[in-house]
Amino acid sequence: MKTIQELKTRIQELSKQAVEFSRKASEVCLSDRQQAKYFRQQAREASKRAQVLIQELKRQEV
């Protein structure tokens, strides 16, 4: 089990990843639809992992 600070740090990292992948998807969406689809998928996965960690953080803080 991770400490609260480790969870917060990892949540921030995953959130930044999700934003970066989403930005990349927006940049390439007109020129390379497959690449944009891949980036959107990666953004969704990073966001889901962050949400799982947020739930874990909430459980630990109670």
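1. A word on the overall build of the protein
Then step 1. Per the secondary structure count, the protein includes two helices and zero strands.
Then step 2. Against the globule reference of 11 Å for 62 residues, the protein gives a C-alpha radius of gyration of 14 Å, more extended than a compact globule.
Then step 3. Dimensions of the protein, computed from C-alpha atoms along their principal axes, come out at roughly 45 × 15 × 15 Å.
Then step 4. Counting over 62 residues, the protein shows a buried share of 23%.

2. Some words on the nonpolar core
Then step 1. Residues Leu7, Ile11, Leu14, Ala50, Leu53 and Leu57 constitute the largest nonpolar core, which totals six residues.
Then step 2. Put simply, the parts of the chain that give this core at least two residues each are α1 (4-28) and α2 (33-61).
Then step 3. The residues contacting Ile11, other than those within four sequence positions of it, are Ala50, Leu53, Ile54 and Leu57.

3. Some points on a positive patch on the surface
Then step 1. On the surface, Arg33, Lys37, Arg40, Arg44 and Lys48 cluster together into a patch of positive charge.
Then step 2. On the secondary structure map, Arg33 appears in helix α2.
Then step 3. Judged by its relative accessible area of 65%, Arg33 falls in the exposed class.

4. Topic: the UniProt feature "coiled-coil region" (unreviewed entry) in the protein
Then step 1. This chain's UniProt record puts "coiled-coil region" (unreviewed entry) on residues 4-60.
Then step 2. Summarising residues 4-60: 93% helix, 0% strand, and an end-to-end C-alpha distance of 7 Å.

5. Brief notes about α2
Then step 1. Look at α2: 42 Å from first C-alpha to last across 29 residues, which is about the 42 Å you get at 1.5 Å a residue.
Then step 2. Where α2 is buried, its residues meet α1.

Cut-offs and rules
Going along each chain's sequence as written, the residues are numbered from 1 onward. In view of the model being predicted, local features appear only for residues whose pLDDT reaches at least 70, and side-chain atom pairs are presented and counted only at 80 or more, with totals across whole chains, interfaces and linings using the full set of residues. Calculated side-chain values reflect all of the structure's heavy atoms, with hydrogen atoms and water omitted. For the purposes of this entry, the term helix denotes a DSSP run of H or I that reaches at least four residues, the term strand denotes a run of E that reaches at least two, and both are numbered from the N terminus. Only C-alpha atoms enter the radius of gyration; for comparison, a globular chain is expected to reach 2.2 Å times N to the power 0.38, where N is the number of residues. Only protein chains enter the calculation, and the probe is 1.4 Å; a residue is then buried if its accessible area is under 20% of its type maximum, exposed if over 50%, and partly exposed in between. Throughout this description, the term nonpolar core refers to a set of buried Ala, Val, Leu, Ile, Met, Phe, Trp, Tyr and Cys residues connected via side-chain atoms within 4.5 Å. Between two residues, a contact is recorded if the distance between any of their heavy atoms is within 4.5 Å. Each patch is built from salt-bridge-free residues with over 30% relative accessible area, joining like charges within 9 Å and nonpolar side chains (Val, Leu, Ile, Met, Phe, Trp, Tyr) within 5 Å. Computed with a 1.4 Å probe, the accessible areas rest on the Shrake-Rupley method; for each residue, only the protein chains presented here act as cover. Whenever Lys or Arg places a side-chain nitrogen within 4 Å of a carboxyl oxygen from Asp or Glu, that contact is recorded as a salt bridge. The convention is simple: Lys and Arg are positive, Asp and Glu are negative, and His and the chain ends are not counted. Here the site of a charge means NZ on Lys, CZ on Arg, CG on Asp, or CD on Glu. UniProt positions are given in the numbering used here, feature names are shortened, and annotations may be inferred rather than shown by experiment. To estimate the expected span of a helix, count its residues, drop one, and scale the result by 1.5 Å.

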